[in-house]
Amino acid sequence: MPILVKDFIWSQTTNAINIRIPLDPVYREAVDIFTTDKYIKAHFRPYLFEIFLLYEVNSEKSKCTLQDDLIVFHLIKKEEVDWEVLEKILTKDEKAKLRAEMLAECQEKAKQESEERALRKSQLNRFTVQQAMEIDTKQHTLMDSRRDDERNKAMNELEKWRSKTTTGTYNEFQRMDAITDSNSTSSVRIVELPNDELKLKITESKNIIKTPVKTPVKSEYVEKRKQEIGNRVLPNLRQRGLVEIKHTPRTFPTPSRESTAQEEEAWLRNITHARRATGFVSEDLRPEEHDPQWCKEKGDEFFRNGNFLGAISAYTHGITLSDKLPSLYSNRAATHFALGNFNKCVTDCSTALDLMKPACEGNRRSRAKCIARRAAGLARIGLLNKAIDEMKAAAKLLPDDENIKKDIYDMERAWEQNPDSE
């Protein structure tokens, strides 16, 4: 049940109304504001400011300013009249009816604005496509005109060349015909060469046709690289040796006077024993399914994907394999909490805390988270007093955790509103 805010201040001018509402700085980041021409609502948990205005205001021209410790509404009047009071006097049923009407009106207005935005966007997209098509058409037209111009230019030049070549060839043919006619009048003599002279002519013709031998071209750079590769001496193979490794001994973060080395070692031994335990072996299971750590990782994967029932099955199977691994119980408690099984969540958290012994620095964060989750489960089943004590115990282990501080604050506020709870 929210707490209604009554300690606000309002003033008016000829054309405006000013409302000043005090705001706790803690809630400044989570203020929900809803306004219409007749109604104003500001919700900052657990407080609620709600008012039904006496006359209508122009919500589009009005504004709201959110300061560090104040909410200021500057409302513009639709009619310049003096307001005797700020709020209408209405019954509970009338207020509920007006809320429903304004909610339906706002939903209809939001739907209409959404449709208008979609229509404007569609028109803009259509206009963009048309402009792109026009630009593309202009570019194609320009390219076609340039291509036609180049083609006509080339054809004209070819035609000029052909006409020139045809005239020159015709003149050459006429000259050759004239030479042939002049030679035809002279007598033709056929002379037979001796055999030795004929062989000499054939040999000379062969020597003229013979292709010259290609001489390979030598490169100084290639020859130099070949010489360097030939003179290069490869190093000998490395000798085999033995490398000794000495592991650094594990150190603990606590000072020597406060050291809990024995408890730390006992905790590590318990975790190692829990991870190596397999419990039973079934022929139907794959080799990795016999490992409780694999079951935990599989359950974590199911939990991240929202498959809470699968996660519970994986954690339960891991507990069957080894009931000494506290992370299986704590993770299953988180899954029960997500499903609303708060009693089972509290039980698994208690079992996990029993296994996180001895208490040491290595499991401090895990113990704090488990205690906080158990406190959340107790709060959900109505045990606020015990939940507050549990959450304060978690805060002692993690004093810098802001989420735990906020949960303590919320639980105390809820307990103040309902002190009869256990």
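- Looking at an unreviewed UniProt entry, one finds the chain named Dynein axonemal assembly factor 4, with Pieris brassicae as its source organism.

## So, the overall build of the chain
- Within the chain, the secondary structure is distributed over 11 helices and eight strands.
- The 422 residues of the chain split such that 23% are buried.
- Long-range pairs, those at least 24 residues apart, make up 56% of the contacts in the chain between residues at least 6 apart in sequence.
- Entry remark: accessible area of the chain is about 32,400 Å², with carbon and sulfur atoms responsible for 53%.

## Brief notes about the packing of helix H5 (residues 292-304) against helix H7 (residues 326-339)
- Axis separation between H5 and H7 bottoms out at 10 Å; the angle between their running directions is 20°. One way to sum up the angle between H5 and H7 is to call them roughly parallel. Viewed along their axes, H5 and H7 form a crossing whose handedness is left-handed. On H7, the residues touching Pro 292, Lys 296, Asp 300 and Phe 303 of H5 are Ser 327, Leu 328, Asn 331, Ala 334, Thr 335 and Ala 338.

## Concerning the nonpolar core
- Ranked by internal contacts, the top residues of the largest apolar core, which has 33 residues, are Met 391 and Ile 404.
- Those elements giving two or more residues to this core turn out to be helix H4 (261-276), helix H6 (308-321), H7, helix H8 (342-355), helix H9 (364-380), helix H10 (384-397) and helix H11 (402-417).
- The contact partners of Ile 404, leaving out residues within four places of it in the chain, are Met 391, Ala 394, Ala 395 and Leu 398.
- Grouped together as the second largest cluster of nonpolar side chains are 19 residues, Val 31, Ile 40, Phe 49 and Val 57 included.

## Describing a nonpolar patch on the surface
- Side chains of Met 155, Leu 158 and Trp 161 sit close together on the surface and give an oily, nonpolar patch of about 360 Å² of accessible area.
- On the secondary structure map, Trp 161 appears in helix H1 (residues 92-184).

## Quick word on the packing of H6 against H7
- At a minimum axis distance of 9 Å, the contact between H6 and H7 shows a crossing angle of 155°. In terms of orientation, H6 lies roughly antiparallel with respect to H7. Between H6 and H7 lies a crossing of left-handed hand. Across the interface between the two elements, Phe 308, Leu 309, Ala 311, Ile 312, Tyr 315, Thr 316, Gly 318 and Ile 319 of H6 pack against Leu 328, Tyr 329, Asn 331, Arg 332, Thr 335, His 336, Ala 338 and Leu 339 of H7.
- Tallied by class, the residues present in the contact of H6 with H7 amount to 10 nonpolar, five polar and one charged.

## A look at the sheet that holds strand S1 (residues 3-4)
- In space, the four strands of this open sheet follow the order S1-S6-S5-S4, with mixed pairing throughout. Whereas interior strands pair on both sides, the edge strands pair on one side only; in this sheet they are S1 and strand S4 (32-35).
- As paired elements, S4 and strand S5 (residues 39-44) share four bridges and run antiparallel to each other. Residue pairing across strands places Phe 34 opposite Lys 41, the latter belonging to S5.

## A closer look at the packing of aromatic side chains
- Counted under the stated rule, the structure contains six aromatic pairs.
- Ring geometry for Tyr 39 against Phe 52: centres 4.9 Å apart, planes inclined by 50°, an arrangement best described as tilted. Here Phe 52 lies in strand S6 (residues 47-52) and Tyr 39 lies in strand S5, a separation of 13 residues in the sequence.
- The exposure class assigned to Tyr 39 is buried, which follows from its relative accessible area of 4%.
- Classification of Phe 52 by relative accessible area gives buried; the value is 3%.
- Both rings, one in Tyr 55 and one in Trp 83, keep their centres 5.5 Å apart while their planes meet at 65°; by these two values the pair is edge-to-face. Taken together, the positions of Tyr 55 in the loop between S6 and strand S7 (57-66) and Trp 83 in the loop between strand S8 (70-77) and H1 put the pair 28 residues apart, joining distant regions of the chain.
- What links up through ring pairs into an aromatic cluster is the set Phe 34, Tyr 39 and Phe 52.
- Taking NZ or CZ as reference, Arg 413 lies 4.6 Å from the ring centre of Tyr 409, over its face.

## Points about the pairing of S7
- As paired elements, S7 and S8 share six bridges and run antiparallel to each other. Bridge assignment links Val 57 to a residue of S8, and that residue is Lys 77.
- The turn joining S7 and S8, which pair antiparallel and follow one another in sequence, is formed by three residues.

## Considering unusual backbone geometry
- Of note, the bond from Lys 357 into Pro 358 is cis; its omega dihedral lies within 30 degrees of zero at 0°.
- Within the secondary structure, Pro 358 is located in the loop between H8 and H9.

## Looking at the environment of Ala 333
- Residue position: Ala 333 is located in helix H7.
- Ala 333 sits 16 residues away from Cys 349 along the chain, and the two C-alpha atoms are 6.0 Å apart.

## Some points on the pattern of salt bridges
- Tallying each qualifying case throughout the model produces 17 salt bridges.
- Across the salt bridge formed by Glu 412 and Lys 392, the nearest N and O atoms sit 3.8 Å from each other. Highlighted residues: Glu 412 in helix H11 and Lys 392 in helix H10, separated in sequence by 20 residues.
- We classify Glu 412 as partly exposed; its relative accessible area is 24%.
- Via salt bridges that share partners, Asp 37, Lys 38, Glu 56 and Lys 78 belong to a single interconnected network.

## A look at the confidence of the model for the chain
- When pLDDT is averaged along the chain, the result is 80, and 79% of the positions lie at 70 or above.
- Residue range residues 184-188 is modelled with pLDDT below 50. Its contacts to residues more than four positions away, or to other chains, number zero contacts.
- Confidence drops under a pLDDT of 50 for residues 278-284, and excluding neighbours within four residues, the segment shows 10 contacts in the predicted structure.

What counts and how
- Residues numbered from 1 in each chain as written.
- Predicted model: local features only at pLDDT ≥ 70, side-chain atom pairs only at ≥ 80, totals over all residues.
- Heavy atoms only, no water.
- Helix = DSSP H or I, 4+ residues; strand = E, 2+ residues; numbered from the N terminus.
- Buried < 20%, exposed > 50% of the residue type's maximum accessible area, 1.4 Å probe, protein only.
- Contact = heavy atoms within 4.5 Å.
- Areas by Shrake-Rupley, 256 points an atom, 1.4 Å probe, with all protein chains shown as cover.
- Axes fitted to C-alpha atoms, helices over the stretch in contact; angles between N-to-C directions.
- Parallel < 35°, antiparallel > 145°, perpendicular 65-115°, else oblique.
- Left-handed = near helix turned anticlockwise from the far one by under 90°.
- Core = buried A, V, L, I, M, F, W, Y, C linked by side-chain atoms within 4.5 Å.
- Patch = residues over 30% accessible without salt bridge, like charges linked within 9 Å, V, L, I, M, F, W, Y side chains within 5 Å.
- Salt bridge = Lys/Arg side-chain N within 4 Å of Asp/Glu carboxyl O.
- Nonpolar A, V, L, I, M, F, W, Y, C, P; charged D, E, K, R; others polar.
- Pairing = 2+ DSSP bridges.
- Phe/Tyr/Trp six-rings, centres within 6.5 Å; stacked < 30°, edge-to-face > 60°.
- Lys NZ or Arg CZ within 6 Å of the ring centre and 35° of its normal.
- pLDDT = per-residue confidence, 0-100.

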